[in-house]
Amino acid sequence: MRRPFVRRSVSRFMPGEHLGDALSAAQALKPEGIATILTHLGENLGRVEEAEEVARHYLEVLDRTAAAGLDAQISVKPTQLGLDHDPALCQRHVDRLIGQAELRNNFVWIDMESSPYVDRTLSIYRASRARSPRVGVALQAYLYRTEADLEGLIPLGAAIRLVKGAYLEPANVAYPRRADVDEQFYRLACRLLAAAHLPGSVTHIATHDSALIGRILGFIEEHRIPRSRYEFAMLYGIQRAQQRRLVSQGHPLRVLISYGEYWFPWYMRRLAERPANVWFVVKNMFG
Ligand code: FDA
């Protein structure tokens, strides 16, 4: 981050490395009617003790967003809370965060990481959800298994963030063709919206894909799904025009703001999603 070209390229997607930077960005979005989700970058801890620091950090985030009067939820990666080392400890940390979210009238999202973590992540989610409605989980449309996972969760009145999926997965677990991922995303989004009246349901449609968003808006209109039953979710700095358009049409939108020193793997996934971003970095190297 000390190199100017890196700072210029990364700051397009990340307001800064510190919580204060993320809170300022969330404050700036508030007048536009855009709510936020904050995530402190990091995954696959080296030492299990680090999970305690991560959990404490998120407890502070919940306190500071409440003090700042922000509608800013948090999103955590299970491996950042010790899943690789000690799943029971990870569960306890997630539950601590949910307890604090209850006190602060807030909400905790659990990110979905690569496919070997799906079973363990869903079992943490199910256990937490049995205790509190203030927790949701991301499901990835690119995985073959997701339809069955979603059908298993819907009867719980589940809170689900539907995403395409950001990891490089083998063809035996995930659709290799983009068109198939998009189609599964559309079907699953409609399924979630149709079940969004169940008590406790929260549906996040997390994509920047304009074509997909257009189709999903068509479903929302056709079936008169109330706006209180879903939110669109996008990443900070991506598709700003589309973000403003959705809000101006009255659709709820949340932007996920990432911050922290450990931005490199996350940033590489953003570059991989869109080769044009690599040119953006190159231009900034010489700009
Ligand atoms: P797609 O990649 O097809 O992009 C559609 C269009 O959006 C592109 O054509 C481009 O215009 C624009 N766009 C997309 N990405 C861009 C980028 N990086 N830079 C510039 N433009 C871009 N994944 C995961 O595996 N687990 C998780 O828990 C989460 N959590 C999550 C939360 C939220 C709120 C969001 C928005 C996304 C995630 N993701 C995620 C990431 C997700 O799986 C996916 O990798 C990205 O959202 C990109 O996919 P799209 O659906 O936007 O479609």
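See the structure printed just above.
Below, the structure is looked at part by part. This is a predicted model, so every value here is computed, not measured. (Residues numbered from 1 in each chain as written. Predicted model: local features only at pLDDT ≥ 70, side-chain atom pairs only at ≥ 80, totals over all residues. Heavy atoms only, no water.)

### Some details on the side chain of threonine 203
Part 1 of the reasoning: Along the chain, threonine 203 falls in strand 6 (residues 202–206).
Part 2 of the reasoning: Accessibility expressed as a relative area gives 2% for threonine 203, which makes it buried.
Part 3 of the reasoning: Threonine 203 has contacts with Ile160, Leu192, Leu193, Ala196, Arg229, Tyr230 and Glu231, leaving out every residue within four places of it along the chain. (Helix = DSSP H or I, 4+ residues; strand = E, 2+ residues; numbered from the N terminus. Buried < 20%, exposed > 50% of the residue type's maximum accessible area, 1.4 Å probe, protein only. Contact = heavy atoms within 4.5 Å.)

### Thoughts on the layout of surface pockets
Part 1 of the reasoning: Put simply, the largest pocket is a space of about 1400 Å³.
Part 2 of the reasoning: Around the largest pocket, the lining comprises 49 residues; the ones closest to its centre are Lys164, Gly165, Ala166, Arg270 and Glu273.
Part 3 of the reasoning: Secondary-structure elements contributing two or more residues to the lining of the largest pocket are strand 1 (35–40), strand 4 (135–140), strand 5 (159–163), helix 7 (178–194), strand 7 (231–235), strand 8 (253–259) and helix 10 (264–273).
Part 4 of the reasoning: The dominant element in the lining of the largest pocket, judged by the number of residues it contributes, is helix 10, at 5 residues. (1 Å grid on protein atoms, 1.4 Å probe; cavity = no way out; pocket = protein on both sides within 12 Å on 5 of 7 lines; lining within 4 Å. Points joined across faces, edges and corners; volume = space filled by probe spheres on them.)

### Points about the pattern of salt bridges
Part 1 of the reasoning: Counted by the stated rule, this structure contains 24 salt bridges.
Part 2 of the reasoning: Between aspartate 119 and arginine 145 there is a salt bridge, with the nearest N and O atoms lying 2.9 Å from each other. Of the two residues, aspartate 119 is situated in helix 5 (residues 118–131) and arginine 145 in the loop between strand 4 and helix 6 (146–153); the sequence distance between them amounts to 26 residues.
Part 3 of the reasoning: Overall, the relative accessible area of 53% leaves aspartate 119 in the exposed class.
Part 4 of the reasoning: Taking the shortest distance from any N to any O, the salt bridge between arginine 145 and aspartate 149 comes out at 2.6 Å.
Part 5 of the reasoning: By sharing partners, the salt bridges in this structure join Lys164, Arg178, Asp182 and Asp209 into a single network. (Salt bridge = Lys/Arg side-chain N within 4 Å of Asp/Glu carboxyl O.)

### Some points on empty space enclosed by the protein
Part 1 of the reasoning: In the structure shown here, the tally under the stated rule is 1 cavity of 30 Å³ or more.
Part 2 of the reasoning: Of the voids in this model, the largest cavity is the one considered here, and its volume is about 50 Å³.
Part 3 of the reasoning: Along the walls of the largest cavity sit Ile154, Gly157, Ala158, Ile160, Leu192, Ala195, Ala196, Leu198, Ser201 and Thr203, which together make up its complete lining.
Part 4 of the reasoning: Across the lining of the largest cavity, the residue classes break down as 7 nonpolar, 3 polar and no charged. (Nonpolar A, V, L, I, M, F, W, Y, C, P; charged D, E, K, R; others polar.)

### Thoughts on the packing of aromatic side chains
What describes a pair of aromatic rings is the distance from one ring centre to the other and the angle between the planes of the rings.
Part 1 of the reasoning: All told, the structure shown has 3 aromatic pairs when counted by the stated rule.
Part 2 of the reasoning: Arranged with centres 4.7 Å apart and planes meeting at 75°, the rings of tyrosine 144 and tyrosine 175 form a pair that is edge-to-face. Residue tyrosine 144 is located in the loop between strand 4 and helix 6, and its partner tyrosine 175 is located in the loop between strand 5 and helix 7; the two are separated by 31 residues in the primary sequence.
Part 3 of the reasoning: Classification of tyrosine 144 by relative accessible area gives partly exposed; the value is 35%.
Part 4 of the reasoning: Classification of tyrosine 175 as partly exposed rests on a relative accessible area of 25%. (Phe/Tyr/Trp six-rings, centres within 6.5 Å; stacked < 30°, edge-to-face > 60°.)

### Some details on the sheet that holds strand 3 (residues 108–110)
Part 1 of the reasoning: With respect to topology, 8 strands assemble into a closed barrel ordered 1-2-3-4-5-6-7-8, the strand pairing being parallel. Taking the axes of each pair of neighbouring strands and ignoring which way they run, one obtains an average angle of 30° across the sheet.
Part 2 of the reasoning: Of the pairings in the sheet, the one linking strand 7 to strand 8 comprises 4 bridges and is parallel in character. Paired with methionine 234 across the two strands is valine 255, which belongs to strand 8.
Part 3 of the reasoning: Against the sheet, helix 4 (residues 87–103) makes contact with strand 2 (72–76), strand 3 and strand 4, and its axis sits at roughly 150° relative to strand 3, the strand it touches most.
Part 4 of the reasoning: In the packing of helix 6 onto the sheet, the strands contacted are strand 4 and strand 5, and the crossing angle to strand 4 comes to about 155°. (Pairing = 2+ DSSP bridges. Axes fitted to C-alpha atoms, helices over the stretch in contact; angles between N-to-C directions.)

### Overview of the packing of helix 6 against helix 7
Part 1 of the reasoning: Packing of helix 6 against helix 7 brings their axes to within 11 Å, and their N-to-C directions diverge by 5°. Between helix 6 and helix 7, the angle is such that the two are roughly parallel. Residue-level contacts link Thr146, Glu147, Leu150 and Glu151 of helix 6 to Gln184, Arg187, Leu188, Arg191 and Leu192 of helix 7.
Part 2 of the reasoning: Its residues assigned to classes, the contact of helix 6 with helix 7 comprises 3 nonpolar, 2 polar and 4 charged. (Parallel < 35°, antiparallel > 145°, perpendicular 65-115°, else oblique.)

### So, unusual backbone geometry
Part 1 of the reasoning: A positive phi angle is found at arginine 224, which is not glycine, with a value near 50°.
Part 2 of the reasoning: Residue position: arginine 224 is located in the loop between helix 8 (210–222) and strand 7.
Part 3 of the reasoning: For arginine 224, a relative accessible area of 73% puts it in the exposed group.

### Description of the site of the ligand
Part 1 of the reasoning: Near the ligand, the surroundings consist of 26 residues, among which Lys164, Gly165, Thr207, His208 and Glu273 are the closest.
Part 2 of the reasoning: In the model, an oxygen atom of the ligand is placed 2.9 Å from a nitrogen or oxygen of the glutamine 140 side chain.
Part 3 of the reasoning: Separating an oxygen atom of the ligand from a side-chain N or O atom of arginine 178 is a distance of 2.9 Å.
Part 4 of the reasoning: Judged by the fraction of its atoms near the pocket grid, the ligand is located in the largest pocket.
Part 5 of the reasoning: Elements that contribute at least two residues to the shell around the ligand include exactly strand 4, strand 5, strand 7 and helix 10.
Part 6 of the reasoning: In terms of residue count, the dominant contributor to the shell around the ligand is strand 7 (3 residues).
Part 7 of the reasoning: Counted by class, the shell around the ligand contains 12 nonpolar, 6 polar and 8 charged residues. (Near = heavy atom within 4 Å. Polar contact = N/O pair within 3.5 Å; in protein donor to acceptor, adjacent residues only side chain to side chain. Sits in = over half its atoms within 2 Å of the grid points.)

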